[in-house]
Structure formats: structure tokens, C-alpha cells
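The lines below spell out each chain.
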Amino acid sequence: MKAVVVQFPGSNADWDAMRALRDVVNVPTEFVFHKSATLPKGTDLVVLPGGFAHGDYLRCGAIARFSPIMADVRRHAEQGGFLLGICNGFQVLTEAGLLPGALTRNAHLRFECRDVRVRVESEGAFTAGLLGDELRIPIAHAEGRYQADEATVAMLEKERRVAFRYVGDNPNGSRNDIAGVYGGPKRNVLGLMPHPERACEPALGSADGKKILAAITRATLAR
Amino acid sequence: MSEPVVDAALAREHGLSNEEYERACSALGRVPSFTELGVFSVMWSEHCSYKSSRVHLSRLPTKGRRVIQGPGENAGVVDIGDGWTAVFKMESHNHPSYIEPYQGAATGVGGILRDVFTMGARPVALMNSLRFGAPDHPKTRGLMTGVVAGIAGYGNAIGVPTVAGDVQFDSAYNGNILVNAFALGVAKKDKLFYGRAAGVGNPILYVGARTGRDGIHGATMASAEFDEESEAKRPTVQVGDPFMEKLLLEACLEIFNANILEGVQDMGAAGLTSSTVEMAGRAGTGVELDLDLVPRRAKKLLPYEILLSESQERMVMVARKGMEDRVLEICKKWDLDACVIGRVTDTGRWVIKATPGYDPLSGEPLPSEDQKKVFVDIPVPVLTDDAPKYERPCVEDPRKQERFAFDASALPFDGKTDLLSLLSSPNVGSRAWVYRQYDHIVRVGTAVRPGAADAAVIRVFCDDSMTGTTPMPREKWLAVKSDCNGRFCELDPKTGAQMAVAEVCRNLACVGAEAIGLTDCLNFGSAQRPEIMAQFRDAIDGMRDACLALDVPIVSGNVSLYNETEGADGPQAILPTPMLGAVGLFDKPNDVVTMGFKRSGDVVALLGPVGEGALGGSEFVWTKTGKIQGKPPTIDLAMEARLQKLLVSLARRGLLSSAHDCAEGGIAVALAECTIATNTGATVSVPNGTSTASALFGEDPTRVIVSFLPQQEELVRRAASEAAVPLLVLGKTGGDSLSLEGGPSWTVYELAVAHAKALEPVVG
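Just so it is clear, the structure is predicted and the values come from calculations on it, not from any experiment.

Draft legend 1. Structural detail: the pairing of strand S10 (residues 178–183) of chain A. All names here are of chain A. Most of S10 sits out of view: 6 of its 6 residues are buried. Examined bridge by bridge, strand S9 (residues 162–167) and S10 share 3 bridges and lie antiparallel to one another. Across the sheet, Arg165 pairs through a bridge with Ile178, a residue of S10. Bridging between S10 and strand S11 (residues 189–192) involves 4 bridges; their strand directions are antiparallel. Residue pairing across strands places Tyr182 opposite Leu190, the latter belonging to S11. Hairpin geometry of S10 and S11 is characterised by an intervening segment of 5 residues between the two adjacent antiparallel strands and by a positive phi of about 85° at Gly184.

Draft legend 2. Focus on the packing of aromatic side chains. Enumeration over the complete set of coordinates arrives at 14 aromatic pairs over all chains. Summarising the aromatic geometry, the rings of Phe33(A) and Trp334(B) are spaced 5.0 Å apart at their centres and angled 70° between planes, so their arrangement reads as edge-to-face. You can see Phe33(A) sitting in strand S2 (residues 29–33) and its partner Trp334(B) sitting in the loop between helix H13 (324–333) and strand S11 (338–345), one on each of two chains. Taking the relative accessible area as the measure of exposure, Phe33(A) reaches 15% and is therefore buried. When the ring of Phe620(B) is compared with that of Phe697(B), the centres are 5.5 Å apart and the planes differ by 20°; the resulting orientation is stacked. Note that Phe620(B) is positioned in helix H21 (residues 619–625) and Phe697(B) in helix H24 (residues 693–697), a separation of 77 residues in sequence. Across this residue pair, the class does not change: Phe620(B) and Phe697(B) are buried. Here the aromatic cluster, defined as three or more aromatic residues joined through ring pairs, consists of Phe82(A), Phe126(A) and Tyr182(A). The ring of Trp44(B) has Arg23(B) sitting right over it, with the charged end atom 5.9 Å from the ring centre.

Draft legend 3. Looking closely at the sheet that holds strand S12 (residues 349–354) of chain B. Residues and elements named next belong to chain B. An order of S8-S10-S7-S11-S9-S12-S13 is seen for the 7 strands of this open sheet, with the pairing classed as mixed. Among the strands making up the open sheet, the edge pair consists of strand S8 (261–266) and strand S13 (373–379). Strand-to-strand, the axes of this sheet are offset by a mean angle of 20°, without reference to chain direction. Summarising the sheet, strand S9 (residues 286–290) and S12 pair through 4 bridges and their orientation is parallel. Each bridged residue has a counterpart across the sheet, and for Glu288 the counterpart in S12 is Val351. Along the sheet, helix H3 (residues 34–43) makes contact with S12 and S13, crossing S13 at roughly 35°.

The rules behind each value
- Residues numbered from 1 in each chain as written.
- Chains lettered and ligands numbered in written order.
- Predicted model: local features only at pLDDT ≥ 70, side-chain atom pairs only at ≥ 80, totals over all residues.
- Heavy atoms only, no water.
- Buried < 20%, exposed > 50% of the residue type's maximum accessible area, 1.4 Å probe, protein only.
- Helix = DSSP H or I, 4+ residues; strand = E, 2+ residues; numbered from the N terminus.
- Pairing = 2+ DSSP bridges.
- Phe/Tyr/Trp six-rings, centres within 6.5 Å; stacked < 30°, edge-to-face > 60°.
- Lys NZ or Arg CZ within 6 Å of the ring centre and 35° of its normal.
- Axes fitted to C-alpha atoms, helices over the stretch in contact; angles between N-to-C directions.
- Contact = heavy atoms within 4.5 Å.

Now the structure itself:
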């Protein structure tokens, strides 16, 4: 299995994803700079990490979708390859149209960093065997309020594409408490605001995030 | 456009006294040019020259077995073993943050990060020490909201976790807030970089953001008191771009790794001028710059403006001869502007050339060599080592004894309600509103988060590239904390400073880390007033005593004077606030101790002397009277040293379940915080009973609440006795209340509610 973490200028949780995949889940992982035209051969999983790609100028993720690597990332996803967008990566995926909806300013208008509880709401490559589980994972964002029109939200609910929902309290005002969304032709694309890669080691307070990264590893090996 | 005529009057407008102007003339043997006057004004400003503080700073202990680089460089460097170093510094951004809180605080973070990564270090943690005016002062809310948002806006974006800090309020800061930013990085010992323009003939490169007019004379502004017009100085506040800085950081680390640089320095206060002057000064060389080549974003910049601009996110690099193309190539990868702007010379002079009237933004071709004119030609030492240095008069504040006379025992006291009001004081209670706005977990190293212990604990990866390309990097575990109780310093600067050093190191010891180095940020009022200089002198003496007793060196720092505002009753200075940032090192990850009680049935004990129950300058007196008064506690530094050694040794032996130091609000607040942190109650008997405020809320230093398993009690007792540190068992953990024997009790829930609402009166 091969994982790739895309480095946009302004990515800052690229290292977090690298650490979790390479050192904790033990998946061979490499960085790919956003100016590359293609993903390395044999890439199974692409991670768009957290951060402030291109400074988040204009809108979060709005410029990153034009980075040269994104054409190949799109091809990878359209062909059913696994694609994970965490936090800023989720914002990039919605801006690129790879996932529906948008992430807007938190309802309380502040950046918020703390642990939240999310419940796994549907099965998929990233959540196989986790349905109904509650995970404690941190958030760290100012623009994490998931928004979409009525029809889109209804479609997501009907197709069970809501992957994660906040439990207890909703930290940003997301519609239907949505914390993560599935997409792609084979539910092979996942975007979520919480940071599973920052919750993979007990020393950091929670290892719940490791379950998500381990699930995608199992799914890859099962292919 | 003709330049203004330079004379003593123009020099005064530039903040230079008549004597200083004469000194400049005689150093040059002529009247300085207008551009040179600007250079003198910034380089001889308090901010850059430390002219009033240098005589005192030399008394601080700066050496130690781990010290690789002490004060005088961009940041201090301390050995953390296995070929790795901790690189850190704290710096003030007080004046700009008062004028424009968001940008002032943001650029404070940006500046301190550059100081650290120019040394070759990957930044791994940030802290901030903030002081605001009275919680109910009309400006406090806006200033605090803006400052916190500014710190968050910069630190979060660049991806360095803000893991600790402290916030205090006092009316003395109404007109002069403090924003002190700390950054810590790690670097390989054999790959440290210094701000030296070494190697005659080596090219000097400009890297990063283009130069604009922002921040011109920022250093001079930071060297004067505030008056009514200060807020009109908003244009002299710099504007930060964390995205640019992130690119600069990554590009710099890549350049450092390529072994192509001789020296590097951030363009901070006084921009291109102070950076290149200091680099030449340290290397004993000269510098020649051609301003025609400087990238710019504002039209028609004069040499004067280019030299004094404080545009952010810019660096000066001295490359090895022939390696400049490699530097430019890496900058291109990161989409950064970079170009050669000059050379290192052997003349010992700082020479600036430019073509009068030339503006590259208008599309004109680069002028030829014979069109250029020399705008500045000054011997480097005149601006550095030979800058003015003053031994200003010191006279102790006569009001000191009056304030000592206050008798706190006469104040109304009700243990039950007073503890709740202390916990909900903005100076004591939860800081969650602040630290939740900071990304304190990016870089997956934050093992102890803000609010969970007396200091933050971070795991740092040491690998060659710091980019994650080598498998399973080695780890180092570090603790960081910043602190200073300005009230004690106000009542007695020497003792207050001793206690400030002791407390910040005690905070590290409480989490189980050995203090290995300190950085300071010395915030005081006007150097022109003898009573302020007396505070400064005494605070330095106090810091010195404590550093020597605890065997901790000060490896970097910053002085911020003139933190005062002209008021109706004369000048209103801030509390003397010698802020300290401390870095501690763990032996192993398992040594980490946090403050919350861990389980039912643990023994709760007090380590350290019971103390006299001193209430002078305490939070109790402040909440009751709104004033800083009474005789402050004193400290036994030898006992303090023994206590800290004992704590670290107990942590290393795995004997402690929790540890928390008694600070603002005394033993009662400390116990309450231990229960709130983990929602675990305790039944304890406090020394000296529960019937007086001094027994519950006295703030004697050198006291730590610890808990441990009952079966460890014998070992802990023996260790304490061998260390000659008093140990007094207070009771046991358990239940959902904090109960004081023979006195009041509270549910942990009610304590937590009081604690959680502390900042509500300020920020809603």
C-alpha cells in the first residue's frame, strides 16, 4: 500500500498526517509537492492535509483547487482511488466540487481548538466496522460549519453519505451536526473537519482517530 | 525632492538628544545626512541599543553547562542532548498591540518565530504572556479580543502550536498592555546558524516579502511613552502575512539544510538597517548594499524609507560565494522574492548606495554604477558596541513602605464564598476562551495541553531534515511555561523578580521537567524616571539571585521600557513585569505529571514550608480592595532549589500522581484546581485551619500540592526528608466534593462552574 500526503504552500498538518500514517499505522507514505503534475505510480490513498493552503486567501481551499497536482487527484478519485480531506483538505474538496456543500465561518465566529465527540453514521472504506461508534477527536478550525442547500442535505441523508456527526454539542453550527461526508463514485472520498491524524496515540490524549486510518488501510489491502 | 536639513532640532524629532546628536556628528567627523540621521535614530533607540538597560543586564547569569548561545544572537540555544538543541526567545510587541491589537499581536508572533528559525531551528511551540487593563476598563475587551485573535490568526496559520502562556489584568496596564511572545524551536547542534556577515566578498541576499512603508520608525515608537497622539500612529504598525512567513520558514529550512549559507538574520525592528548592521558588527566586517536592487511594493521609496521600513516576513542571508544561485532556486520553488543586494566587505563600514529618484516599479532600467550615490557611510561599531550607554539614576519609590503597612487581616472573610469568587476572578479562573482560539495541537506533539498542568509538555521529533523523511525520528520531551507576578514586583521588585524566576521554574518541576534555560522580557516604565530605573535595577538583582540559586541561565531576552502613559495625576507606569519564559527537559516520557487528582484514595500532601500566610499583593486583597498592597511574601531560594530538585526526582521515579504549585489564591485555589482538572474531589485538612484568609489564600511561594498512591507514601516521605523539604499530609482524594476539615466544602461541579466563568466579565 502507498499513501501520499499533498503539500500545498500553507499546509501545516502535512506532518501530522505523515506521522500518523507512516509511524503509527505503518503505511509507506510520501509527501508530494503541489506543483507536481502527477501522483506517484501505485498511489492508493491521497490525503489533503489540514492547514491554510495558499494562505486560504479568497476563500478556504479556493486557490488550492487550481494547484497543478489537483488534476491528477481528481482523476485518482474519479477512478475510485481513496481520497481523504482533513479540515483544510475537506474545504479543498468542496471547493474542487469533489464533495458537495461548503464550509463557512463557525457560527460563533472564532477559531476553535478542542476535542469533540463524533458518531460514525455510515459504513464505508474509512469507517468499515465502526458504525455507531463514538470517537473523541480534536477539531482546530475557524471555518468548519458545513452548509448545503435543502436538497443536497436531504440527498446526503438519504444516501447515508453523512459519515460523521457531532455528538453532544455542535462546535461550529454545521447543518444536521455534520462533521464528515462521503463522496466519489464508490464512496471512496471522505472529507471531515475533525483531525483523526492528531488522535492516533494515547500520549496525545486519544487514539480514536487511528481507527479511521486503520480502516482505510484494511480496505486498501482488501482490494 | 530635496532632503530636510539635518540639525539638532531634526535630531530631536527623531528621538535623539542633543548629546546624542553631537556624538553622531563627532563619530562621523561631519553632520550626518538625512538618511544617516534616520539610521542613528533607530540604531540608538532604546529598543535596538538597550542604552539604559545594558549596564544592568550584564549582571544576569547567562552561562551554564548546556548553554551553546547566550544573549546577543537572534535567540538563545541550549543543548538537549543527542546532538540536538532547544532554541528560544521571548520578545515584546506591546506598543504596536495597543495601537492595533490584531496586527500588533500577529506580527509579534511572526517576529519571534523568525528569530528562532533564523538560527536554523524548526519552530515547535509558541507561548504568549499577556497583560491587560482592569477587566471593566472600556478598552480591555476590544484589546483582548483583538490580541488573542491576532495571535491565533498568525500562529494557527503558520502551523506552530500555541501551547501555554498567561493572562493577567490590572488597571496599571490600562494604557499600556503587554503582549510578550515566546517561540521555541529545535535544531541540530552542528547545523546552527548565526546572524553574522562573515567572509569578505560573500553575497548578501534579500529574501521574502517586498518592502513597503509599513512600520517606519516602529523601533523609535517603541522607545517612547504613549501620549494622546499615539493612537494616530497606526500607520507605524506593521501588517503580518502568516502565509508568506510559512513559505519563508520552509524555504529557509531547505536552504539551511543545503549548507550554502554563512549567516542569516530576520529583518525585525529597524528592518534592513539593524539586521545588516548587527550582522556586520558580530562578524567584525563591513557591508555594502545597493538599494536599487531591493524588491519593493510601494512606489517612490526613498533610501531613508527602505532602510527604516519594518515590512514583515523578510530575511537577510549571507551566502557562501558562488552559492547564491542555489539560494535563489530554492526561493523560486517556494514562490518567494529573493535577490542579491550587496556584499560583505573588509572596511568595517556600513555603506549604502542608491540612485537618487530611481524607482524600479516605474519600469525604468537598472541604473549604471556611475549613477549611484553613497547615502550612508558609517563605521559599524558606531552603531553597535559604541552606541550610547547610560547609567541612569535610580531612586527607590518612597511609597513602598506605606503600601507595606496595609493590614489584610481586617478584610471581611468568608471561606466558602471567597474561594468561589477567587476562582471566578479573571486573574485565576479558566483560560479556555483564550487557548481554544489557538491551535495548540498541530504538529502532533502536545502531550499536555493548556489548562491541564502547571506547564505545557511537548514531544519534539528530532530528525535530520525535520520534514519527516527519515523513518521513526528520535523524540525529545520538553516543558514550557511563561509567568510573572507583577504585583509582587510592584511591591518589592527584587523579591518579586526572585519569585517570578522561582515560580516559572517550579511550574516546570511540577510537570517533572528540569529547567534548562530561561528567556526574559523585561517590561517597565520610562527609563527617564529614577524610580523606574530603581525597579529595573532591583528586578535584575532578584532575577540574578534566583537564577544562581536554581542554577538556570538566561539565554535570550528583550527589554521593553517606556510602558507608561501620561495621565491626569502624572505618569502611569505598568507594574514592573520581568516576564520569564522557561524551557524544561524530561528524562523520559513517563516522567510527565499533571495537576489533576487521578483517582480516589490517593494521599494529598503539601511539599514545602507551610509559610506565614502572606496576603500582601495577593489575589485575595486585590479582589477585596482592587489594590495591590500589604507586605509581600519573601522566598527562601535554597529551599526552593531543594523543592524543585525533589519534584523532578519524584517524577522520574514515578512516585507522583499529581503536582500543582500554590500561586494566586494560595492553597485553597490550588486544591480546587486539582479537583476541577479531573473532576475528582478530596477531603483535606489545611495547615493553620480554615478560619483565616491568610491560611486559605496566603500566597507564600515554594509550596506544591502533590498526590500519590498510599503505598508510595513511605518512599515519598523518605525522599522529602533526604532533600530537607517539609512534607505535610493533608488528606485523601475521592468523592465529588472538596471538603476542608473543620471548614467549608464545595462540590467539584460548583468549583468548576465558578472557574469556567472567569473571563466572562471581560469577553462575554
